[in-house]
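Examining the three-dimensional arrangement
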Amino acid sequence: MEKILEFPDLLRLVDERSAAFSAAVTSAPDLGVTVPTCPEWTLLDLVRHLGGVQRETSKRAATLRSGSPRPSAKRRI
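Read on for a plain summary of the structure.

Basis of the calculations
- Residues numbered from 1 in each chain as written.
- Predicted model: local features only at pLDDT ≥ 70, side-chain atom pairs only at ≥ 80, totals over all residues.
- Heavy atoms only, no water.
- Pairing = 2+ DSSP bridges.
- Helix = DSSP H or I, 4+ residues; strand = E, 2+ residues; numbered from the N terminus.
- 1 Å grid on protein atoms, 1.4 Å probe; cavity = no way out; pocket = protein on both sides within 12 Å on 5 of 7 lines; lining within 4 Å.
- Points joined across faces, edges and corners; volume = space filled by probe spheres on them.
- Salt bridge = Lys/Arg side-chain N within 4 Å of Asp/Glu carboxyl O.
- Buried < 20%, exposed > 50% of the residue type's maximum accessible area, 1.4 Å probe, protein only.

1. A closer look at the pairing of strand S2 (residues 38–42)
The pairing of strand S1 (residues 34–35) with S2 spans two bridges and is classified as antiparallel. By the bridge assignment, Val35 is partnered in S2 with Cys38. Adjacent in sequence and paired antiparallel, S1 and S2 are bridged by two residues.

2. Quick word on the layout of surface pockets
Of the pockets and cavities examined, the largest pocket occupies roughly 480 Å³. Surrounding the largest pocket, 18 residues form its lining, Val14, Ser18, Gln54, Thr57 and Ser58 being those nearest its centre. Broken down by secondary-structure element, the contributors of at least two residues to the lining of the largest pocket are helix H1 (7–27) and helix H2 (43–66). Element by element, the count of residues in the lining of the largest pocket is highest for H1, at 10 residues.

3. Section: the pattern of salt bridges
Inspection of every chain in the model, using the stated rule, returns four salt bridges. One salt bridge connects Glu16 with Arg12, and the closest N-O pair in it is separated by 3.0 Å. In this pair, Glu16 and Arg12 both sit in helix H1, four residues apart, roughly one turn of the helix. Exposure remark for Glu16: the relative accessible area of 38% places this residue in the partly exposed category. Among the residues examined, Arg12 registers a relative accessible area of 41% and is labelled partly exposed. Connected through shared salt-bridge partners, Arg12, Glu16 and Arg17 make up one network.

So this is what it looks like as structure tokens:
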């Protein structure tokens, strides 16, 4: 049975994973290096992608917490 995490636990995980990713990016020799698990992407591509995902997710989380209507599910991330 899967455990459903509470909102504070999810935020903590996002913070932890973001810090780990930031450390990995900072220690990379160059943003043009290839991502090993996705060789057609550079590290810069991955940073831009994950940054966009985090911005969109943050907007959605803020909307849900404020009690505003859910954003349309038509747009895929």
